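Inside the fold
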Amino acid sequence: MDFTLPESALAVQRGVADICSRYDLDYWQRCESEKRWPEEVWAELAKGGWLGLAVPEEYGGGGQGLLELAVATETLSASGSAGGSAFTYVLTPGFGAMTLARHGSRWQRDELLPGLATGELETCFALTEPDAGSNALGITTFARRDGDEFVVNGQKIWITGVQRATWMLLVTRTVPAAEARPRTDGMTVFLVNVPEAVAAGRLSFQPIPKMGANTTPSNMVFIDDLRVPSANVVGEVDRGALVLWDILNPERVLLAASALGGAEVALRVAVQYAKEREVFGRPIGANQAIAFPLAQVKAKIELARLMLYKAAWLFDRQRPCGTEANIAKLTASQAAWEAADHAFQTHGGMAYSLEYPVARLLADARIGKVAPVTEELLLNYLATQVLGLPRSF
């Protein structure tokens, strides 16, 4: 058993860290307050080839796997971006490049992967719906076959990055949930050209005001009689669940990596403040009430990282990784929240001051406990699917 990261992952870690060293916490604070995408970082990552890690070498990418993407995400997050880094590596390298490299047709790979490798093309992912919520199998956005095309109608919610996306991976029902046997059947994933659909008036979106992660807007999406060629089906018609699992598990892993990086930032900020701030004639970090919670956070970060890397390692070898991905997401998000909460407590009243990044870190960390899947559903999965306890529904 070897816990050493492979050289490919270490090279990613060094390369991304080198770029990130030029952007401090103030930079990420400005991106958040101005609600703008970190264009400068994105451009440098693209120029260095760090966005095309999951694209096969024949299409101009790095030919790497989920482990390298996770390391890149964690490194970017730990540099100071925290939760904002998730979108950098989830939206296009994760949702787009990794999915098409594994499930795309020859046409889809030829058409999209070169642009995804350079960052010229960007993608987003549309699954969640207003009524279905966390019940992904209960979505009602429906695609009806009409000759060589499908006609799609429905709504999506919390779809991040539509504004920048060239292509959307859209999850639909092609068999109503009530008629599907088993329930995972009858789902189909499509590639939708976002600018074309918007120009045709068949796809529209409305940003949702939110408390954090404002470097990328999240949106309500409306789809009205959108025609999609059958060539744009990713995988097979009615068997989209097979594609979906290979989207959701990497999403959990990359969001866990982002959470771990955010936890590292919060811990670093808290430790620095605890060393410098003196009350009653000594640094507040000398008090066990301050020191011990921070030490606990460090232990939880290291434990979550082990499961994160294991989940990515399993996915890259096309082995089952659902349990590991869920545990990684659960524990990393908990570590991120505890780190941000203790950083807030360590700063005391100064945590409310936007002179410090603590408020941003707290808002970003809170997302992980509810999105893209709630902590309760992760625990329910472990209780029923791993422990074999009775289902409650």
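Just so it is clear, the structure is predicted and the values come from calculations on it, not from any experiment. (Residues numbered from 1 in each chain as written. Predicted model: local features only at pLDDT ≥ 70, side-chain atom pairs only at ≥ 80, totals over all residues. Heavy atoms only, no water.)

Before going further, it helps to examine empty space enclosed by the protein. As enumerated under the stated definition, the model contains two cavities of 30 Å³ or more in all. The computed volume of the largest cavity comes to approximately 50 Å³. Contributing to the lining of the largest cavity are Trp37, Trp42, Phe87, Thr88, Leu91, Thr92, Glu122, Thr123, Gly161, Arg164 and Ala165. A per-element tally of the lining of the largest cavity places helix 5 (residues 85-103) first, with four residues. Among the residues forming the lining of the largest cavity, the class breakdown is five nonpolar, four polar and two charged. Two domains each donate at least three residues to the lining of the largest cavity, and these are domain 1 (7-122) and domain 2 (124-240). Quantified by volume, the second largest cavity comes out at close to 40 Å³. Along the walls of the second largest cavity sit Trp28, Glu32, Ser81, Gly84, Ala213, Thr215, Arg360 and Asp364, which together make up its complete lining. Taken together, the residues of the lining of the second largest cavity sort by class into two nonpolar, three polar and three charged. (1 Å grid on protein atoms, 1.4 Å probe; cavity = no way out; pocket = protein on both sides within 12 Å on 5 of 7 lines; lining within 4 Å. Points joined across faces, edges and corners; volume = space filled by probe spheres on them. Helix = DSSP H or I, 4+ residues; strand = E, 2+ residues; numbered from the N terminus. Nonpolar A, V, L, I, M, F, W, Y, C, P; charged D, E, K, R; others polar. Domains from an automatic or database assignment.)

Moving on to the UniProt feature "domain: Acyl-CoA oxidase/dehydrogenase middle" (unreviewed entry) in the protein. Feature annotation in UniProt assigns "domain: Acyl-CoA oxidase/dehydrogenase middle" (unreviewed entry) to the following positions: residues 124-225. This span, residues 124-225, is 6% helix and 46% strand, and a straight line between its end C-alpha atoms measures 20 Å. (UniProt positions renumbered as here; feature names shortened; annotations may be inferred.)

Turning our attention to the packing of helix 4 (residues 66-81) against helix 8 (residues 240-276). Between helix 4 and helix 8, the shortest axis-to-axis distance is 7 Å and the interhelical angle comes to 30 degrees. Put simply, helix 4 runs roughly parallel to helix 8. When you trace helix 4 past helix 8, the crossing you get is right-handed. Touching Leu66, Leu69, Ala70, Thr73, Glu74, Ser77, Ala78, Ser79 and Gly80 of helix 4 are Pro250, Val253, Leu254, Ala257, Ser258, Leu260, Gly261, Gly262, Glu264, Val265 and Arg268, all from helix 8. Broken down by class, the residue content of the contact of helix 4 with helix 8 amounts to ten nonpolar, seven polar and three charged. (Axes fitted to C-alpha atoms, helices over the stretch in contact; angles between N-to-C directions. Parallel < 35°, antiparallel > 145°, perpendicular 65-115°, else oblique. Left-handed = near helix turned anticlockwise from the far one by under 90°. Contact = heavy atoms within 4.5 Å.)

The next point concerns the domain arrangement of the protein. In terms of domain boundaries, the protein breaks down into domain 1 (7-122), domain 2 (124-240) and domain 3 (241-386). Tallying the contact residues gives 22 residues for domain 1 and 20 residues for domain 2. Summed over both sides, the interface of domain 1 with domain 2 buries roughly 1900 Å², with 61% coming from carbon and sulfur. When the buried area of domain 1 at its contact with domain 2 is split by residue, Glu32, Phe87 and Glu122 rank highest and sum to 29% of it. Where domain 1 packs against domain 2, one counts two salt bridges. For the salt bridge of Glu39 with Arg164, the shortest nitrogen-to-oxygen distance reads 2.8 Å. Our count for the contact surface shared by domain 1 and domain 2 stands at eight residue pairs in polar contact (both at pLDDT 80 or more). For the side of domain 1 that touches domain 2, the secondary structure elements donating two or more residues are helix 2 (25-34), helix 3 (39-47), helix 5 and helix 6 (106-118). (Buried area = accessible area lost by both parts, 1.4 Å probe. Salt bridge = Lys/Arg side-chain N within 4 Å of Asp/Glu carboxyl O. Polar contact = N/O pair within 3.5 Å; in protein donor to acceptor, adjacent residues only side chain to side chain.)

In this section: the UniProt feature "domain: Acyl-CoA dehydrogenase/oxidase N-terminal" (unreviewed entry) in the protein. The UniProt entry lists residues 9-120 under the feature "domain: Acyl-CoA dehydrogenase/oxidase N-terminal" (unreviewed entry), expressed in the numbering used here. Between the end C-alpha atoms of residues 9-120 there is a gap of 24 Å, over a span that is 71% helix and 0% strand.

A few words on helix 11 (residues 358-367). Residues separated by three or four positions in an α-helix point in the same direction, a consequence of the helix having 3.6 residues per turn. A large share of helix 11 lies buried, amounting to seven of its ten residues. Among the residues of helix 11, those classed as buried are Val358, Arg360, Leu361, Leu362, Ala363, Asp364 and Ala365. For helix 11, the secondary structure elements touched by its buried residues are helix 2, helix 4, helix 8 and helix 10 (322-347). (Buried < 20%, exposed > 50% of the residue type's maximum accessible area, 1.4 Å probe, protein only.)

Following the criterion strictly, the structure yields seven aromatic pairs and no others. Their ring planes at 85 degrees and their centres at 5.8 Å tell us that Tyr273 and Tyr356 sit as a pair that is edge-to-face. Of this pair, Tyr273 sits in helix 8 while Tyr356 sits in the loop between helix 10 and helix 11, and the two are 83 residues apart along the sequence. Given a relative accessible area of 11%, Tyr273 falls into the buried group. Residue classification places Tyr356 among the partly exposed positions, given a relative accessible area of 21%. Judged by centre distance (5.3 Å) and plane angle (80 degrees), the ring pair of Phe344 and Tyr352 falls under edge-to-face. Using a relative accessible area of 17% as the deciding quantity, one classes Phe344 as buried. Put simply, the rings of Tyr23, Tyr27 and Trp28 pair up and form one aromatic cluster. Over the ring of Trp42 we find Arg164, and its NZ or CZ is 5.8 Å from the ring centre. (Phe/Tyr/Trp six-rings, centres within 6.5 Å; stacked < 30°, edge-to-face > 60°. Lys NZ or Arg CZ within 6 Å of the ring centre and 35° of its normal.)

Next up on the list: a nonpolar patch on the surface. A surface patch of nonpolar side chains, amounting to about 570 Å² of accessible area, comprises Met1, Phe3, Leu303 and Leu306. Structurally, Leu306 is set in helix 9 (residues 288-316). Since its relative accessible area comes to 48%, Leu306 is described here as partly exposed. (Patch = residues over 30% accessible without salt bridge, like charges linked within 9 Å, V, L, I, M, F, W, Y side chains within 5 Å. Areas by Shrake-Rupley, 256 points an atom, 1.4 Å probe, with all protein chains shown as cover.)

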